[in-house]
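Spelled out, the chains give:
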Amino acid sequence: MPTPMEPDTGATGPGDGWPDEHRYEVLVRVPAVRDAITASASRTRLPMSAEEFLSRAASAVPLVGRPMLRGAEHGRGLGRKLRFRTGKSYEAELEQPVGRALVAVLCSLALHGQGIRSVEQHEDGCTLTADIPSDARTFGGVLTVTVTRSGGHASAVRAKAEIPGQLVDWGRSKQALAALAADLGNPGSPG
């Protein structure tokens with residue numbers, strides 16, 4: 001039985017060639033692909049966001065919490081103006097067709113609640129830009145993943161995680177990339 005990361009390919013009909021398909025718009029119209037992404041999204045468990053964490057602190061200890069909340073908002077804005085950002089990158093070669101690799105990435109993004117912000121189509125693949133959800137350590141970030149055909153039935157994945165407005169991301173970039181690597185079968189490790 002296929003897992004949510006591996007859509008069922010036993011059906012025949014429209015979309016049978018999806019494992020070799022590199023166009024995002026075509027892939028997401030294939031019923032087996034949509035079902036796999038939906039199944040992955042249904043398993044999403046998001047941590048408490050930084051905003052929620054600070055709001056709870058502010059309500060628990062108003063004299064300390066409210067100034068802390070304002071200070072965090074001010075610090076984040078200043079960090080963005082000064083173009084502070086942290087980040088890590090990840091690259092892997094996968095022994096699977098570009099469409100299958102792209103669907104695995106889409107399922108991983110859905111599983112981790114990383115909503116797609118934009119899609120840039122290329123001649124041999126595409127680039128997905130997604131939001132890294134906020135958590136108690138960061139106010140969220142951006143995950144950019146490029147999947148391209150790499151000759152024959154192989155594909156290449158290049159990913160970059162960035163947390164803007166912070167000098168230290170407390171391992172959040174590396175964690176986002178490690179989750180992606182694990183979902184893709186752990187080919188390589190983030191660095």
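Summary of the structure given here.

About the criteria used
Residues numbered from 1 in each chain as written. Predicted model: local features only at pLDDT ≥ 70, side-chain atom pairs only at ≥ 80, totals over all residues. Heavy atoms only, no water. Helix = DSSP H or I, 4+ residues; strand = E, 2+ residues; numbered from the N terminus. Buried < 20%, exposed > 50% of the residue type's maximum accessible area, 1.4 Å probe, protein only. Contact = heavy atoms within 4.5 Å. Areas by Shrake-Rupley, 256 points an atom, 1.4 Å probe, with all protein chains shown as cover. Pairing = 2+ DSSP bridges. Polar contact = N/O pair within 3.5 Å; in protein donor to acceptor, adjacent residues only side chain to side chain. Core = buried A, V, L, I, M, F, W, Y, C linked by side-chain atoms within 4.5 Å.

### What to know about the overall build of the protein chain
Point 1. Counting secondary structure elements, the protein chain contains six helices and five strands.
Point 2. Starting at the N terminus, the α and β elements of the protein chain follow one another as α-α-α-α-β-α-β-β-β-β-α.
Point 3. Expressed as a percentage of its 191 residues, the buried residues of the protein chain come to 43%.
Point 4. At a minimum sequence separation of 6, the contacts of the protein chain that also span at least 24 residues come to 65%.
Point 5. For the protein chain, the exposed surface amounts to about 10200 Å²; the carbon and sulfur share of it is 55%.

### Details of the pairing of strand E4 (residues 141–149)
Point 1. Burial within E4 is extensive, with seven of its nine residues counted as buried.
Point 2. Taken together, the eight bridges between strand E3 (residues 125–132) and E4 define a ladder with antiparallel strand orientation. Counterpart to Thr 129 in the pairing with E4 is Thr 144.
Point 3. Summarising the sheet, E4 and strand E5 (residues 155–164) pair through eight bridges and their orientation is antiparallel. Bridging across to E5, Thr 144 finds its partner in Lys 160.
Point 4. Hairpin connection of E4 to E5: five residues between the antiparallel strands, including Gly 151 at a positive phi of 75°.

### Here's the deal with the environment of Trp 170
Point 1. With respect to the helices and strands, the residue Trp 170 is situated in the loop between E5 and helix H6 (172–183).
Point 2. On the basis of relative accessible area, Trp 170 is assigned to the exposed category, the value being 58%.
Point 3. For the pair Trp 170 and Arg 137, spaced 33 residues apart in the sequence, the C-alpha separation amounts to 6.5 Å.

### Some thoughts on the environment of Val 142
Point 1. Its location among the elements puts Val 142 in strand E4.
Point 2. Counting along the chain gives 28 residues from Val 142 to Gln 114, while the straight-line C-alpha distance between them is 8.9 Å.

### Quick word on the side chain of Glu 21
Point 1. If you trace the backbone, Glu 21 turns up in the segment before helix H1 (24–27).
Point 2. By relative accessible area, Glu 21 is classed as buried at 13%.
Point 3. At 2.6 Å, the side chain of Glu 21 forms a polar contact with the side chain of Arg 23.

### Focus on the nonpolar core
Proteins that are soluble and globular tend to have nonpolar side chains buried together.
Point 1. Formed by 37 residues in total, the largest nonpolar core has its most connected members in Tyr 90, Val 105, Leu 128, Val 145, Val 147 and Leu 184.
Point 2. Among the secondary structure elements, those contributing two or more residues to this core are H1, helix H2 (31–41), strand E1 (85–94), helix H5 (98–111), E3, E4, E5 and H6.
Point 3. A per-element tally of this core places H5 first, with 10 residues.
Point 4. Setting aside residues no more than four positions away along its own chain, Leu 184 makes contact with Tyr 90, Leu 94, Ala 101, Ala 104, Val 105 and Val 157.

Fair warning: the whole summary comes from geometry, so function is off the table for now.
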